[in-house]
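Architecture at a glance
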Amino acid sequence: MPTISLCMIVKNEEMHIARCLDSVAELVEEIIIVDTGSTDRTVEIASSYTTNVYSYPWKDDFSDARNYSFSKASMDYCMWMDADDILKEVEKDKFLQLKQSLSPDIDIVMMKYNTSFDEGGKPSFSYFRERWIRNCAQYRWIGAVHEVIPPNGKVIYSDIAICHKKIGSGDSDRNLKIYCKMIADGRFLEPRQQYYYGRELYYHKQYEEAVSVLEQFLLSAEGWIENKIEACSICANCYFRLGQEHLALNTLLRSMSFDLPRAELCCEIGKYFLEHGNYHIAIYWYETALNTPKNEFSCGFILPDCYDYIPFLQLCVCYDRLGDRQKAKEYNEKAGACKPYSQSYLYNKQYFDGL
C-alpha cells in the first residue's frame, strides 16, 4: 500500500488548520507544514499534529512554497490541501480503499474539488485537481498564482472529493497584486496565467482591462481549450457590464468555435434571450443545455446546476410567459426534483398552486 505525505503551505490559519488536519491526519503517513509568516497560533496548532513544521519566507509565489513543501516529503506520494479544505467523513472509506487498491504505476490521482455550495449544502461548483502526486523531481508546481502540476505519466480520476470550506473572508486583492507585481517586474505571463489575470481583473470590476487581456488570450493560438471557453464566459460578462450586449452574445457564441457547446454557456445564452423576451429561442438553448453531456473529466470548471436545475427552472419561466402553465408547472416540478429545498422552486410551486 502506498504511503502519503500531506504537504501544506499556511499563513494565519488558526481558524481552519485543526479542522483540516482532523479530517485527514489518520489517513496519511506524514504531515508537512510550511508556514510562510503566520502571526497567530497557526504554528502552535500545527505542531500538535506533526514535528515537520517549517518556516519559509513568502516570495509572492505559490509554486515556490508548494515545491518547498514537497521537497520535505519522504513518502511515496505527496498530497496537497489548503488549510480551509476538509475531507468529509463520508469520503474516508473511499480514501482508504483507493490507497489499498492503487496500482504502483500510477503517477497522479485526480480528485474532485468542491469549492461552492448551494443552500442545501450540495456542491454548486466543482472541478478535478491533481491531489496525489508521485514524490519525484519530475512533478513540480508551476505558476506564481493558480499554481498547477501539469499532468503527465499515468493519471487516474477518483470521485473522492475535497471540500473547500473557508470561514470568513480572505485577502481578495492578493492574487491581483501578485500579477501586477509580475507585470511591473517585466515577467511574461504564459497563456494560463494570462487567463487567470483577466479573471482577477473581472473580479475586481476592471472590465475594460479584463476584456483587453482576455481578448488577447482568445486570439492566441496557445492556451487550454477549457480556459478559452471559460474566458468567453468571463469576457461576455464584462461586455454585459459595459453595456455592450451584442458583443456579449457574440462572445458567448464564439465559445463554440473552440469545442462542442457547454451547458454553462448554453444557460448564459438562454438567459440573454429570456431577458430580451425571445422565449422560443431561450427554450432552444435551455433544452440544448439539458441535452449536453457533463464531461467532468475535462478538468474544466463545472457548474452542475447548468445541466439540470437551472434549465428546468428557466424553462418553467419561458413556458409560463408563453401562457403554457401546464408545461411550466411540469418543468418547475423537475427543478424541484433536483433541489426540493430551492426557494425559487418553492416560490413557483406556491404560484402554480394558487392559479
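Refer to the preceding data block for the structure.
Rules and cut-offs
- Residues numbered from 1 in each chain as written.
- Predicted model: local features only at pLDDT ≥ 70, side-chain atom pairs only at ≥ 80, totals over all residues.
- Heavy atoms only, no water.
- Helix = DSSP H or I, 4+ residues; strand = E, 2+ residues; numbered from the N terminus.
- Buried < 20%, exposed > 50% of the residue type's maximum accessible area, 1.4 Å probe, protein only.
- Contact = heavy atoms within 4.5 Å.
- Areas by Shrake-Rupley, 256 points an atom, 1.4 Å probe, with all protein chains shown as cover.
- Lys, Arg positive; Asp, Glu negative; His and termini not counted.
- Charge placed at Lys NZ, Arg CZ, Asp CG, Glu CD.
- 1 Å grid on protein atoms, 1.4 Å probe; cavity = no way out; pocket = protein on both sides within 12 Å on 5 of 7 lines; lining within 4 Å.
- Points joined across faces, edges and corners; volume = space filled by probe spheres on them.
- Nonpolar A, V, L, I, M, F, W, Y, C, P; charged D, E, K, R; others polar.
- Salt bridge = Lys/Arg side-chain N within 4 Å of Asp/Glu carboxyl O.
- Phe/Tyr/Trp six-rings, centres within 6.5 Å; stacked < 30°, edge-to-face > 60°.
- Lys NZ or Arg CZ within 6 Å of the ring centre and 35° of its normal.
- Pairing = 2+ DSSP bridges.
- Axes fitted to C-alpha atoms, helices over the stretch in contact; angles between N-to-C directions.

1. What to know about the overall build of the chain
The number of helices and strands found in the chain is 14 helices and 8 strands. The principal-axis extent of the C-alpha atoms belonging to the chain is close to 70 × 50 × 40 Å. Looking at the chain as a whole, 51% of its 355 residues are labelled buried. In the chain, the share of contacts with a sequence separation of at least 24, taken over all contacts with a separation of at least 6, comes to 67%. Put simply, the chain shows about 16600 Å² of open surface, and 51% of that area lies on carbon and sulfur atoms. One finds the centroid of the 39 positive side-chain charges in the chain at a distance of 1 Å from the centroid of its 51 negative side-chain charges.

2. Considering the layout of surface pockets
In this structure, the second largest pocket encloses a volume near 900 Å³. What lines the second largest pocket is a set of 40 residues, among which S233, E264, L265, E268 and L303 lie closest to the centre. Counting only elements with at least two residues in the lining of the second largest pocket, the list comes to strand 7 (123-134), helix 6 (191-203), helix 8 (225-241), helix 10 (263-275) and helix 12 (309-321). For the lining of the second largest pocket, the element with the highest residue contribution is helix 8, accounting for 8 residues. For the lining of the second largest pocket, a count of residues per class yields 20 nonpolar, 9 polar and 11 charged.

3. A short note on the pattern of salt bridges
Applying the stated criterion across every chain, the model contains 22 salt bridges. Linking R129 and E130 is a salt bridge whose minimum nitrogen-to-oxygen distance equals 3.0 Å. Residues R129 and E130 agree in their burial class; the two are buried. One continuous salt-bridge network, built from bridges that share partners, spans E26, E89 and K92.

4. Quick look at the packing of aromatic side chains
As enumerated under the stated definition, the model contains 25 aromatic pairs in all. Here Y56 and Y68 contribute two aromatic rings whose centre-to-centre distance is 4.1 Å and whose plane-to-plane angle is 15 degrees, an arrangement assigned as stacked. Here Y56 is found in the loop between strand 3 (53-55) and helix 3 (62-71), whereas its partner Y68 is found in helix 3, with 12 residues between them in sequence. Among the residues examined, Y56 registers a relative accessible area of 15% and is labelled buried. The side chain of R66 reaches across the aromatic face of W141, ending 5.5 Å from its centre.

5. A look at the sheet that holds strand 5 (residues 85-86)
Ordered in space as 3-2-1-4-7-6-8-5, the 8 strands form an open sheet in which the pairing is mixed. With one partner strand each, in any of the chains shown, strand 3 and strand 5 form the two edges of the open sheet. Alignment of strand 1 (residues 4-10) against strand 2 (residues 30-35), held across 6 bridges, turns out to be parallel. Looking across to strand 2, one finds that V10 is bridged to D35. Against the sheet, helix 1 (residues 17-24) makes contact with strand 1, strand 2, strand 4 (77-80) and strand 5, and its axis sits at roughly 170 degrees relative to strand 1, the strand it touches most. Against the sheet, helix 4 (residues 89-101) touches strand 1, strand 4, strand 6 (108-117), strand 7 and strand 8 (155-164), its axis set at about 150 degrees to strand 8.

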